[in-house]
Amino acid sequence: MKPEFLKKMGDNMKIGYRSGVEKPRASNEDSIVALRSDAIYESQKAEAALLVVADGVGGHNAGKVASHLAATQVAEKMGRVIFEKDREDISDEDVVPRFQEVIKHVNRKIFDDARKNSQYKGMGTTVTAALVWGSTVHIGHVGDSRAYIINKDKIRQITKDHSLVQEMVDRGEISKGEVRRHPDRHYITRAVGFSENIMVDTYTEYILGDDYLLLCSDGLTDVVTDGEIHSIFTEHDDPQEICDTLVKKAHRSGAVTSVSVIAAQFDELPKRKNARYDRTEIKGHADEKTGIQKAFTWMKG
Amino acid sequence: MKIGFRSNVGKKRDLDEDSLIVVRNETVSESKREQITLLIVADGMGGHNAGEVASRLATAKVAEEVVGAIFKENRRDLFEKKEKNPLKIAIEEANSYIFNEVKENPQYRGMGTTVTAAVVLGSAVYIGHVGDSRAYIVNEEEIRQVTKDHSLVQEMVDRGEISKEEALVHPRKNIITRAVGIYQDIEVDTSTEYICGDDYLLLCCDGLTDMVRDKDIRRIVMQYDDPQRMCDELVKKANKNGGLDNISVILAQFDELSKRKDLKSDKTQIIDRDETRILKENG
C-alpha cells in the first residue's frame, strides 16, 4: 500500500448536506442521498461514497415523487457498486456503463409511472450522482443540477447543464454572464422520466485530499455565482458549515425554488503536495452515441 | 451519532484477517430527513491467507444486500419482519457467495468468517449474527452482551458443564460451531434492541473479548468521551494484555437520542427489552 494512504484511523471523509426551501410552506421538490462507507480490510482503510441530487419537475406533488424515486433507485443500484468494488466484482471501466444503465432504467420506470397515473403526468427529475471510491469519482448526469470540484485555487464545473440557455451559450448567442438573468433559464432540455429513451452524460474525475466535491440543484446556482460559491469554500473548512452557508446565501440572494447541496471532503486522500501522481484532470465523455436528441424543452418548477 | 472504529493486527499474528465496515446513509426527501446506519465486524479464518478474503467478501456482500434492501423497500418496519428479515437474507447471501467462491477456487478451501451486523434506525438496533464476534450495549450501569457466541465453550456453558469463568480460559475456547461460508445452509440469529442516548453500541471480534474482560471494556468506554478514542484505547488494552489475535472494534454513540433519565416514560423501552429477551429465550 502506498505510504500516503497510511493515515491514522478516524481521519475520515466528511460529508455535509442541506436541502430546503425558504418559506416553510413552500414545497421542496428536491431529494438528496448521501451514502458513505468506511471499511477496513486487512488493516487498510477503504472509503467510498454515493451522493445524489435530484430536482423534480411536475405539478401536484409529481415533482417530489419523481425526485424521490430517482434518488432512491439510483442509490439502491449504484450503492451496490461500492461493495461490488470492495469485492473486486466490478472493474473501474464497468462503472460508467453501469451508471448509464441504471439512470436509463430509472428513466423508464418514471416514464411508465407517469403514463399509468394521470396525476403524475409530465413528471420528471434531474439526476446528478457521484460515486466516489478512493480518489476516483464517477458521475452520472441528466438535467441542470451540477457537480463541481473545488479547492483553494479554483472551482470547476464538471457537468454540463442540459438547458436551453446552455445551448444558447454553446451556439454563441448569449454569454455565460447573461445566463443567470435570462428569462428562459429554467427550461431544461433533458430530464429523467420525460421521454421513453434518454441520454446520460458520464464523467470520470480524480480528486485529492485538498479537493471538495459539490453537488447542487439549480436553486443554488441560479442565484449564487461560481465565484461566490468558491469564496464560501475558501472561508470555511467543515462541509456541513459550507452547506449551511451556501443555502443561507442562496435564500438571502432570493432563491425561488428549493436549494439542495451536498459537499464532501476527502481527508484520507493525500494532499496535492504529497501526492506521488496527480491524475486530477478532466476526463469527460458525454454519451453522444445514443441518438439524436429530441428538441424537447419544458419549464421546471 | 458518532462512530469510532479500528482494526489492528495484534501482537502475535502476521496478518489482519478481520474486516469491518461502517455505512451511513442520510436521505432528504420532501425536506424529511432519514438516517440509517449499518455496522459490521467479521473475523475470518482459513489457511493460506484465505481468512481475510472470507471476512472481506462477507462484509461487502452483507453491506451490499442491506443497502440494496433499504433503498428498494424504503419503509421503516423493514427490519421488524421475522420472515424475510433483510439482515438474515444478507448473511445467507454472503454465505452462499463465499461457499461458491470456495468451490471455484480450491486454494480458498476451508475459509469462513464470523459476521456480526447491526442496523441502527432511530432508537432501534437490529442485529444479525453468526459466530463468536459480539455486540454489546454499554452504559453507566452495565455492559450487556446482546449476541450469543456460536462456540463450543458457550454450548458447554449452556449445558452447565463449565462455568462462564472457566469458558474464558478453556483451551478450546476458539472453536466456533457456526460460521459464514462453510456449509451450503446457515442459521442466522436475529434480535432487536432499543437504545437511549446514554447507551453505547459496541461490535467486536474475539480478539478483544479474549484479551479484555467485559467489566474492563465498560470501564474504558466510560472513561472517554469520543468513540474513536474509546476504540483506540480498547485496542491498546487488548495488545497490552497479549494481543494474541487480530482486534476489531466499532463503537457508536447516540448523542441525538434522549437520555434514559430524561425520558418521560421509560416503560416502552423496558417492555420492549423484556419482550426481546423472552423471544430470544424461547428460540
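Everything quoted here is computed from the prediction, not taken from an experiment.

Scoring rules and cut-offs
- Each chain carries its own residue numbering, running from 1 in the written order of its sequence.
- Whichever chain is written first becomes A and whichever ligand is written first becomes 1, with later ones labelled in order.
- Reporting of local features is limited, given that this is a predicted model, to residues whose pLDDT is at least 70; pairs of side-chain atoms are given and counted only at 80 or more, and all residues count toward the totals for whole chains, interfaces and linings.
- The basis for every side-chain value is the complete set of heavy atoms in the structure, and neither hydrogens nor water enter the calculation.
- The secondary structure listing takes helices from DSSP runs of H or I that are at least 4 residues long and strands from runs of E that are at least 2 residues long, numbered from the N terminus.
- For the exposure calls, accessible area comes from a 1.4 Å probe over protein chains only, and a residue counts as buried if that area is under 20% of its type's maximum, exposed if over 50%, partly exposed in between.
- In what follows, residue pairs with any heavy atoms lying within 4.5 Å of each other are defined as contacts.
- Accessibility throughout is a Shrake-Rupley quantity obtained with a 1.4 Å probe, and a residue counts as covered only by protein chains that appear here.
- Both site types are read off a 1 Å grid over the protein atoms alone. A 1.4 Å probe that fits but cannot get out defines a cavity, while an open set with protein on both sides within 12 Å along at least five of seven lines defines a pocket; lining residues have an atom within 4 Å of a point.
- Grid points are joined across faces, edges and corners, and a volume is the space filled by probe spheres set on the points.
- For this scheme, ten residues count as nonpolar: Ala, Val, Leu, Ile, Met, Phe, Trp, Tyr, Cys and Pro. Four count as charged, namely Asp, Glu, Lys and Arg, and the remainder, Gly too, count as polar.
- Note that the arc is defined by the directions from the helix axis to the C-beta atoms.
- An expected span of 1.5 Å times one less than the residue number is assigned to each helix.
- Lines fitted to the C-alpha atoms define the axes, with helices restricted to the stretch that makes contact. Angles between their N-to-C directions range from 0 to 180 degrees.
- In this scheme the handedness of a crossing depends on how the near helix is turned from the far one: anticlockwise by less than a right angle means left-handed, clockwise means right-handed.
- A side-chain nitrogen of Lys or Arg and a carboxyl oxygen of Asp or Glu constitute a salt bridge if their distance falls within 4 Å.
- For this analysis, a polar contact is any N or O atom pair within 3.5 Å, provided that within protein one partner can donate a hydrogen and the other can accept it, and provided that sequence-adjacent residues contribute only side-chain to side-chain pairs.
- Strands qualify as paired when DSSP identifies two bridges or more between them.
- As a per-residue measure, pLDDT reflects the predictor's confidence and takes values from 0 up to 100.

Further remarks concern the overall build of chain A. On a plain count of helices and strands, chain A comes out with six helices and 14 strands. Looking at the 301 residues of chain A, the share that counts as buried comes to 59%. Contacts in chain A between residues at least 24 apart in sequence constitute 75% of all its contacts with a sequence separation of at least 6. For chain A, the accessible surface area stands at approximately 12,600 Å², while carbon and sulfur atoms represent 49% of it.

Turning our eyes to something else, we now look at empty space enclosed by the protein. Residues and elements named next belong to chain A. Inspection of the entire model under this criterion finds one cavity of 30 Å³ or more. Looking at the largest cavity, its volume works out to about 110 Å³. What lines the largest cavity is Asp144, Arg146, Asp161, Ser163, Val165, Val179, Arg180, Arg185, Asp218, Thr221 and Asp222. Across the lining of the largest cavity, the residue classes tally to two nonpolar, two polar and seven charged.

We now examine helix 5 (residues 226–235) of chain A. For helix 5 of chain A, the full list of buried residues reads A:Ile229, A:His230, A:Ile232 and A:Phe233. Each buried residue of helix 5 of chain A sits inside an arc of 160 degrees when the element is viewed along its axis, so together they form one side.

This part covers helix 6 (residues 239–252) of chain A. Residue and element names in this part refer to chain A. Compared with the 20 Å implied by 1.5 Å per residue over 14 residues, the 20 Å span of helix 6 between its first and last C-alpha is a close match. Along helix 6, the positions that sit buried rather than exposed are Pro239, Ile242, Cys243, Leu246, Val247, Ala250 and His251. The buried residues of helix 6 occupy an angular sector of 165 degrees when projected down its axis, which confines them to one face. The exposed residues of helix 6 that point more than 90 degrees off its buried face are Lys248 and Arg252. Residues of helix 6 that are buried make contact with strand 1 (14–20), strand 11 (212–216), helix 4 (218–221), helix 5 and strand 12 (259–265). Directly after helix 6, the chain includes Gly254, whose backbone phi takes a positive value near 90 degrees.

Before going further, it helps to examine the packing of helix 5 of chain A against helix 6 of chain A. Residues and elements named next belong to chain A. Two elements in contact, helix 5 and helix 6, have axes separated by 10 Å at closest approach and are oriented at 145 degrees. For the pair helix 5 and helix 6, the sense of crossing is right-handed. Along the contact surface, helix 5 presents Glu228, Ile229, Ile232 and Phe233, while helix 6 presents Ile242, Thr245, Leu246 and Lys249. Split into classes, the residues belonging to the contact of helix 5 with helix 6 amount to five nonpolar, one polar and two charged.

To continue, consider unusual backbone geometry. Residue and element names in this part refer to chain A. Non-glycine residue Glu42 carries a positive phi angle of around 50 degrees. By the secondary structure assignment, Glu42 is in the loop between strand 2 (30–41) and strand 3 (44–57). Look at Glu42 and you get partly exposed, because its relative accessible area is 35%.

Next up on the list: the interface of chain B and chain A. Between chain B and chain A, the residue contacts involve 37 residues of the former and 33 residues of the latter. The interface formed by chain B and chain A contains four salt bridges. With its nearest N and O atoms 3.3 Å apart, the salt bridge here joins B:Arg24 to A:Asp38. Connecting chain B to chain A are 17 residue pairs in polar contact (both at pLDDT 80 or more).

Further remarks concern the pattern of salt bridges. Evaluated as defined, the whole model comprises 42 salt bridges over all chains. A salt bridge links B:Glu165 to B:Arg213; the shortest N-O distance between them is 2.9 Å. Residue B:Glu165 is located in helix 4 (residues 164–169), and its partner B:Arg213 is located in the loop between helix 5 (206–209) and helix 6 (214–223); the two are separated by 48 residues in the primary sequence. Salt bridges here are not isolated pairs; linked through shared partners, they connect A:Arg80, A:Arg87, A:Asp89, B:Lys61, B:Glu64 and B:Glu65.

Residues and elements named next belong to chain B. Most of strand 5 (residues 115–121) sits out of view: seven of its seven residues are buried. Residues of strand 5 alternate between two faces, with Val115, Ala117, Val119 and Leu121 on one and Thr116, Ala118 and Val120 on the opposite face, all of them buried. Alignment of strand 3 (residues 32–45) against strand 5, held across five bridges, turns out to be antiparallel. Across the sheet, Leu38 pairs through a bridge with Val119, a residue of strand 5.

All names here are of chain B. Confidence in the prediction for chain B averages 90 pLDDT; 92% of positions are at 70 or higher. Segment residues 267–283: pLDDT under 50, and 20 contacts once partners within four positions in sequence are set aside and those in other chains are kept. As scored by the predictor, the complex reaches a pTM of 0.89 and an ipTM of 0.88.

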